[in-house]
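# Survey of secondary and tertiary structure
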Amino acid sequence: EETAGMVRHIYREMAEEAAAAAPGVAGDGEKDALPHCSLQVYTYTCDVGKRENVYSTAERVRKEVGEVSVLVNNAGVVSGHHLLECPDELIERTMMVNCHAHFWTTKAFLPKMLEMNHGHIVTVASSLGLFSTAGVEDYCASKFGAVGFHESLSHELKAAEKDGIKTTLVCPYLVDTGMFRGCRIRKEIEPFLPPLKPEYCVKQAMRAILTDQPMICTPRLMYMVTFMKSILPFEAVVCMYRFLGADKCMYPFIAQRKQATNNNEAKNGI
């Protein structure tokens, strides 16, 4: 609902600007000055980790809104525990939301896209779907899975010669949303690789989607890290990670999550 409110607000601003820019236009006045589109925003609550919920919500969308032509898989969670300290149910939750959900949402909306040979599937993954780090095994595995799913789906669409269906893979570096609060790389490197602002990531992703770009990594330095990982032996990659401080960058984040969990347990008397 918050996002829907933002969209409506932006539309109202567009309408006001259009009306102010053309006060002398003949016709029906403000009606003619409005953007030539009818805006309707719908919101739905859906647990994307549960396929039955995805399929039932998709059916509601089809009945109430119509067919979906752009699908953006953006939902993501993180457990914030070392592997041996992470409860099994949190590992399953990470895999279901970050990876398996892509299967359910795509299966729900792709058939009509194939029928019309028109659509766009956007996979918001992560730089941790291209290279990994210590301490977030479940998150890395889920994002690697999302990247693999996206690439295989893209090849399948190409093989079927469905050139009207576009795909875009979005792999951002650390985004300043609070999801990985406390994550730190080497302090000398941080000025060159600060956390990304969400607005910047959105603009980069939107530019890639509107230009049918198959993949976008932000910042561009991520392309270089991915390339180096592909050509260097593993021990050399370990040295590069240690130089950047990326080998244990998640440890402060995990420590904060653990402290927060302990505080909540103590507060609740658990």
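Going by the structure above, here's the rest.
The structure reproduced in this document is the subject of the present report. Here the structure is a predicted model, which means the values were calculated and not measured.

## Things to note about the pairing of strand β3 (residues 165–172)
Regular strands place their side chains on alternate faces of the sheet. In terms of residue burial, β3 counts as a mostly covered element, since seven of its eight residues are buried. Of the strand pairs in this sheet, strand β2 (residues 119–124) and β3 are connected by six bridges, and their pairing is parallel. Bridged to Ile121 within β3 is Thr167. A crossover connection joins β2 to the parallel β3 through helix α5 (residues 137–159); in handedness this β-α-β unit is right-handed.

## Topic: the packing of aromatic side chains
Per the counting criterion, the structure on display carries four aromatic pairs. Considering the side-chain rings of Phe103 and Trp104, the 6.4 Å spacing of their centres and the 55° angle between planes classify their relative orientation as tilted. You can call Phe103 partly exposed: its relative accessible area is 35%. Summarising the aromatic geometry, the rings of Phe103 and Phe149 are spaced 4.5 Å apart at their centres and angled 50° between planes, so their arrangement reads as tilted. Remark: Phe149 occurs in helix α5 and Phe103 occurs in helix α4 (residues 88–116); sequence separation between them is 46 residues. When its relative accessible area of 13% is taken as the criterion, Phe149 is described as buried. Site record: aromatic cluster; members linked through ring pairs are Phe103, Trp104 and Phe149. In this structure, Arg51 is placed above the aromatic ring of Trp104, and the distance from its NZ or CZ to the ring centre is 5.7 Å.

Analysis parameters
Residues numbered from 1 in each chain as written. Predicted model: local features only at pLDDT ≥ 70, side-chain atom pairs only at ≥ 80, totals over all residues. Heavy atoms only, no water. Buried < 20%, exposed > 50% of the residue type's maximum accessible area, 1.4 Å probe, protein only. Helix = DSSP H or I, 4+ residues; strand = E, 2+ residues; numbered from the N terminus. Pairing = 2+ DSSP bridges. Right-handed = clockwise from strand over helix to strand, strands pointing away. Phe/Tyr/Trp six-rings, centres within 6.5 Å; stacked < 30°, edge-to-face > 60°. Lys NZ or Arg CZ within 6 Å of the ring centre and 35° of its normal.

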